[in-house]
Amino acid sequence: MLVAAAVCPCPPLLVPEVAEGAAPELDAARTACADALGVLTAARPDRLVVIGPAEQGGHYPQGTRGSFRGFGVDLDVRLGPGDAPGPDLPASLAVAAWLLERTGWADVPVEGVAVDADLPAGQCAELGAEIGGGNDRIALLVMGDGSASRTLKAPGYLDDRAAPFDAEAARALDTADLAALAALDTGLARELQASGRAPWQVLAAAAEGAGLDGTLLYDEAPYGVGYLVAAWS
């Protein structure tokens with residue numbers, strides 16, 4: 001059963017060592033992420049599941065390593081204690097691992113789930129129902145960005161559909177509107193490079209019947225990319 005969720009953006013620039021001189025520009029986002037993780041800690045879950053977009057789906061056990069060396073920074077992270085063999089964390093889960101280390105996450109078992117950014121909504125719903133099922137108390141850390149087309153200099157250039165898409169996602173996360181998240185347009189999200197669409201739809205399905213309330217903690221578009229932070233409890 002889902003007892004709490006935190007929604008955070010996943011740009012590697014969230015890590016100050018990666019952002020270097022531009023790091024202060026995302027200080028407010030980092031603070032909001034820390035506040036959202038505090039909501040997870042307060043819920044006292046039995047298990048934390050971290051969900052993030054990737055080129056392909058996969059499961060990552062506690063102790064899986066991640067790295068920011070691909071972004072020119074000699075910085076390694078680990079998803080919780082231990083040392084699990086296997087491939088490194090995808091970037092979104094590496095950012096999540098950094099957030100958890102930064103906030104001193106409680107001693108609760110943690111695992112990572114990478115979601116194909118183009119996963120159809122129906123399969124997102126199936127995955128969410130699987131994660132949210134059972135009797136143990138589950139918390140979710142859901143990583144993902146809004147559109148990447150909010151300005152001329154954005155990675156996806158300017159698209160007039162980007163701001164309305166992000167506004168609807170922000171409203172749905174603020175009000176824990178499960179139906180609205182489930183209804184986000186997969187094709188439009190792909191065109192706008194909104195990597196959070198699939199993870200948010202997994203969250204929506206996992207939260208069915210949980211009766212959680214939402215609060216939007218951050219809604220900005222630095223670098224022309226929509227970054228949203230929310231907490232559900």
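These figures come from a predicted structure and were not determined experimentally.

Chemist: Sorry if this is basic, but what is going on with the overall build of the protein chain here?
Modeler: Helix and strand content of the protein chain: 8 helices and 9 strands. Taken over C-alpha atoms, the radius of gyration comes to 16 Å for the protein chain, in line with the 17 Å a tight globule of 233 residues would show. Its C-alpha atoms give the protein chain principal-axis dimensions of about 45 × 40 × 30 Å. The 233 residues of the protein chain split such that 52% are buried.

Chemist: Help me out: how do you make sense of a nonpolar patch on the surface in this one?
Modeler: On the surface, Leu152, Tyr157 and Leu158 cluster together into a nonpolar patch covering about 320 Å² of accessible area. Tracing the chain through its elements places leucine 152 in the loop between β7 (138–143) and α5 (162–175).

Chemist: Sorry, what's going on with helix α2 (residues 27–42) here?
Modeler: Note that an α-helix has 3.6 residues per turn; residues three or four places apart therefore point the same way. Given a rise of 1.5 Å per residue, 16 residues ought to cover 22 Å, and the 23 Å separating the end C-alpha atoms of α2 matches this to within 8%. Among the residues of α2, those classed as buried are Ala29, Arg30, Ala32, Cys33, Ala36, Leu37 and Leu40. The buried residues of α2 occupy one face: seen down the axis, they fall within an arc of 160°.

Chemist: Quick question: what am I supposed to make of the sheet that holds strand β6 (residues 110–116) here?
Modeler: What holds strands together in a sheet is hydrogen bonding between their backbones, with the strands either parallel or antiparallel. Within the open sheet, the 7 strands sit side by side as β3-β6-β2-β7-β1-β9-β8. Their pairing is mixed. Sheet topology places β3 (58–60) and β8 (214–220) at the edges, where each strand pairs with a single neighbour. Averaged over all pairs of adjacent strands, the angle between their axes in this sheet comes to 20°, without regard to strand direction. With 3 bridges joining them, β3 and β6 adopt antiparallel strand pairing. Of the residues in β6, the one forming a bridge with glycine 58 is alanine 114. Across the sheet, α5 touches β1 (2–8), β8 and β9 (227–232), and the angle it forms with β8 is around 150°.

Chemist: Sorry if this is basic, but what is going on with the side chain of threonine 64 here?
Modeler: With respect to the element layout, threonine 64 can be found in the loop between β3 and β4 (65–67). A residue is classified by how much of its surface remains accessible, and threonine 64, at 1% relative accessible area, is buried. Side-chain polar atoms of threonine 64 contact the backbone oxygen of proline 61, separated by 2.6 Å. If near-sequence neighbours (up to four positions away) are discounted, threonine 64 is found in contact with Val77, Arg78, Leu79, Ala84, Pro87, Asp88 and Leu89.

Cut-offs applied
- Numbering of residues starts from 1 in every chain and runs along the sequence as written.
- Reporting in this predicted model follows two pLDDT cut-offs: at least 70 for local features of residues, and 80 or more for side-chain atom pairs to be given and counted; totals over whole chains, interfaces and linings ignore these cut-offs and use all residues.
- Note: side-chain values were computed over all heavy atoms of the structure, leaving out hydrogens and water.
- Each helix corresponds to a stretch of at least 4 residues labelled H or I by DSSP, and each strand to a stretch of at least 2 residues labelled E; elements are numbered beginning at the N terminus.
- With the radius of gyration taken over C-alpha atoms, the globule rule is written as 2.2 Å times the number of residues to the power 0.38.
- Only protein chains enter the accessibility calculation, which uses a 1.4 Å probe; a residue whose area is less than 20% of its type maximum is buried, one above 50% is exposed, and one in between is partly exposed.
- Residues forming no salt bridge and having over 30% relative accessible area are the ones grouped into patches, like charges within 9 Å of each other and nonpolar side chains (Val, Leu, Ile, Met, Phe, Trp, Tyr) within 5 Å.
- Using the Shrake-Rupley algorithm and a 1.4 Å probe, accessible areas are obtained, with residue cover drawn only from the displayed protein chains.
- Within this document, salt bridges are pairs made up of a side-chain nitrogen of Lys or Arg and a carboxyl oxygen of Asp or Glu, the two lying within 4 Å of each other.
- Given a helix with a known number of residues, its expected span is that number minus one, times 1.5 Å.
- Relevant arc is that of directions from the helix axis to the C-beta atoms, nothing else.
- Only strands that DSSP links by at least two bridges are regarded as paired with each other.
- All axes here are fitted lines through C-alpha atoms, helices being fitted over the stretch that makes contact, and every angle between N-to-C directions spans 0 to 180 degrees.
- In this description, contact between two residues means that some pair of their heavy atoms is separated by no more than 4.5 Å.
- Polar contacts, as counted here, are pairs of nitrogen or oxygen atoms within 3.5 Å of one another; within protein the pair requires one atom able to donate a hydrogen and one able to accept it, and residues that are adjacent in sequence qualify only if both atoms are side-chain atoms.

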